[in-house]
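# Geometric and topological summary
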Amino acid sequence: MALFDPQPLHPALWLASQLTKGATSCVDTGIPVLSHQLPGGGWPTGVLTELLLQQPGVGELRLLKSTLASLNRPAALLQPPYAPQALGFELPPQQLLWIRNTGKAADSLWAAEQILRSGSCGAVLLWQQHIRNESLRRLHLAAQCGEALFFLLRPIAAAQDSSPAPLRLALRPAPGGINIEFVKRRGPQRDTPLFLPLTPTLLQRHAPVDRPLPAPVTARSVLSELVG
Amino acid sequence: MVLEQEGVLAVSYRAHLMGVRPGMRRSGALMLAPEAQMHERAPQQEQEALHAVALAMLQYTPQVAEGEGATLLLDVGASLRLFGGIRRLCRLVRDSLQKLGFSGVLGVAPTARGAWLLARAGGGRTLKLDSLLRRLHRLPVGLLPPLQRHQRWLDGIGCLSIGDLVRLPRPGLQRRCGIEVLEMLDAAQGLAPEMHEWLAAPPSFKAKLELFGRIENTDLLLAGACRLLQQLTGWLCAHQFAVSRIRLLLEHERGREACPPTPVEVMLAEPTWRDEHIVRLLKERLAKVELPAPAIGLALEAAQVEPMAPLSDSLFPEPGGNAQDRQRLFEVLVARLGAENVLQSYPKADYRPEVANRWVPLHEKVRPADIAAQMPPRALPRPAFLLPKPIQLLMRDHRPFYCSPLRMVSTAERIEAGWWSETQTRDYFIAEGEDHAYYWVYRERTPGTEETRWYLHGLFA
């Protein structure tokens, strides 16, 4: 017997074997394989999304690069572990806002909340080592005020803790790309990680053939003394 | 409690509970409440307070006049639609009064004298002339100031309310009590026109506030500053100005060592005439101020004003908020975190990666054309994260080692520049560790030495 499909009744109802479709608006990830595995078909806007990293630099920004570029709105980087380099992001430098570590964790949480509430940034990326559950809840509420993409990047050890984020992905590097584990999503449990091929763009395995063209010389363009 | 000529004029709630009532003698009041604080009535301060309120009220209407007996008359006929109706306007006026730290009674009526009488009688709101007349006729006659001398005579003839007074023959009333009574009655009932002297806002703004004690807590200072900001808002609205720089001076006690006032200056990128944004900025600024001594007074001045540019109600608002909202957000962030911690990218046309990756504070104006001029002509393999200082890598089996042996996966990018300041002669590679993370490493090329040194400089996150 075919099971009754509750999704058309209300977006908050779905069967355990289904991915939810449209509870929140989403932004395309730019990677079709990943989009098919996410509820709504993309990164959800206006909610807290957690990316759990094995170590900083596993490929989290390569994963988000095309999404950030498609937003056409400023992206705020809060307390990244190292200095960000604008040329490494594939978006115009004037769309990047870097909020440095002031030494107080409360400052960056406060800044994230202010940015989310004002709604003037398209994406907010917050790096945090330890974050309390009530802070998570507060950030999740602040994210709901606006339409911004909000990613919280935390160590993978936090996957054991509970979190109000509706989408939590764990990223581990793999040969030639990254493995994505779906720790939590509104949809069926997926145990096998999803492999995404992600290498640094402009990775040149062979030496570039750089042939500068000689400047065209027209008659009388060179002084006669030089030609001598 | 407040005293005037040895008699109690007004009492606080606690004194009232102890049995002190207005009209008592000083000694009697002291018997009932020995620890009560006594203050002589200060007409000068009352006048200043009334002026402060009048200045703040200018934000609701340009027509504010002073009435008799510590009242203010506001002509709000033209402001009703802007502030969303009379109920909302009354609430705003009440909120403003509360922020200023005063209590007040609101009377609303179609005529100024009618509103004045209602306010004196304890407040009330009438919008139509006939309902005003009904309420007026029930009020006691003693409210009209020229009749207070004739109170006993009026009691004697049984004329207790204004309704009774209206029914008396006019010529007799004029002969006994003077012409002002009739003029006031006519004005209150809308039969005669009223003339007011509207207050004019001073040409420059500087407001002072004396605090009640020696204050060290910035939260309390903020409450005082809010009060001054209310006055500033009224002044700005009256002049159609927007403020772009304000200065708050925290005055200290003048003891043996004179301590100059501590200035707190707030610059606004986008001029504003509403106080909410300034309050947020001041809150963050005050939280960072270190007071050398307790403050006893506050002074606020508008250092720089510009003509007000009204908001345009665009039909389709931008989804990401407009440029003013963004500016406001950036100001709030800078106010708390400091200008050196909120940065925007402004790459520099230089081969050396450290120099090219330039970040400048947000308040520096960078035009998009300037950025475009500094960008490399074609995309370069650059990591998203750059280490603040390159880390020298260990060597194992002639290969650089960072947590695991690194394998070069790209060709070299030779950078040789900076002979004018810091020379760099480096070959950059993209390297892959055994954990499959990508690193940006370089080999230092020093001519004349056999030893090769490898450094880690970035992460392709």
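Let us look at the structure shown here. Given the structure is predicted, the values throughout are model-derived calculations rather than measurements.

This next bit is on the interface of chain B and chain A. Where interface size is given, it is often the accessible area lost as the parts come together that is meant. Of the residues lining the interface, 51 residues belong to chain B; the matching set on chain A comes to 53 residues. Buried surface at the junction of chain B and chain A, both sides included, amounts to about 4,400 Å², of which 64% is carbon and sulfur. Linking chain B with chain A are one salt bridge. Its salt-bridge partner being Asp107(A), residue Arg336(B) comes within 2.9 Å of it at the nearest N-O pair. In this structure, the connection of chain B to chain A is made through 13 residue pairs in polar contact (both at pLDDT 80 or more). Secondary-structure elements contributing two or more residues to the side of chain B that touches chain A are helix H13 (275-288), helix H14 (323-337), strand E12 (342-345), helix H16 (368-374), strand E14 (385-392), strand E20 (424-432) and strand E21 (438-444) of chain B. The biggest single contributor to the side of chain B that touches chain A is H14(B), with seven residues. Looking at the side of chain B that touches chain A, its residues break down into 33 nonpolar, nine polar and nine charged. Where strand E6 (residues 96-99) of chain A and E12(B) come together, three bridges link them in antiparallel fashion. Bridge pairing in E12(B) places Leu97(A) opposite Gln344(B).

This paragraph deals with the pattern of salt bridges. Residue and element names in this part refer to chain B. In total, this model carries 22 salt bridges over all chains according to the counting rule given. Asp-186 is the partner of Arg-170 in a salt bridge, and the nearest nitrogen-oxygen pair spans 3.1 Å. Of this pair, Arg-170 sits in helix H10 (residues 170-177) while Asp-186 sits in helix H11 (residues 179-188); the two residues are 16 residues apart in sequence, bridging distant segments of the chain. Looking at Asp-186, the relative accessible area reads 13%, which means it is buried. Overlapping salt bridges, with partners in common, bring together Lys-206, Arg-245, Arg-247, Glu-265 and Glu-301 in one network.

Now for the sheet that holds strand E10 (residues 262-272) of chain B. Residue and element names in this part refer to chain B. With antiparallel pairing, the four strands of this open sheet are ordered in space as E8-E11-E9-E10. For this open sheet the edge positions go to strand E8 (206-215) and E10, each flanked by a neighbour on one side alone. Taking each pair of neighbouring strands and ignoring which way they run, the sheet shows an average axis angle of 20°. Note that strand E9 (residues 241-252) and strand E11 (residues 295-307) share 11 bridges and pair antiparallel. Residue pairing in the sheet places Leu-248 in a bridge with Leu-300 of E11. The strands that helix H12 (residues 218-239) touches are E8, E9, E10 and E11; relative to E11, the one it contacts most, it runs at about 30°.

How each quantity is defined
- Residues numbered from 1 in each chain as written.
- Chains lettered and ligands numbered in written order.
- Predicted model: local features only at pLDDT ≥ 70, side-chain atom pairs only at ≥ 80, totals over all residues.
- Heavy atoms only, no water.
- Contact = heavy atoms within 4.5 Å.
- Buried area = accessible area lost by both parts, 1.4 Å probe.
- Salt bridge = Lys/Arg side-chain N within 4 Å of Asp/Glu carboxyl O.
- Polar contact = N/O pair within 3.5 Å; in protein donor to acceptor, adjacent residues only side chain to side chain.
- Helix = DSSP H or I, 4+ residues; strand = E, 2+ residues; numbered from the N terminus.
- Nonpolar A, V, L, I, M, F, W, Y, C, P; charged D, E, K, R; others polar.
- Pairing = 2+ DSSP bridges.
- Buried < 20%, exposed > 50% of the residue type's maximum accessible area, 1.4 Å probe, protein only.
- Axes fitted to C-alpha atoms, helices over the stretch in contact; angles between N-to-C directions.

Fair warning: the whole summary comes from geometry, so function is off the table for now.
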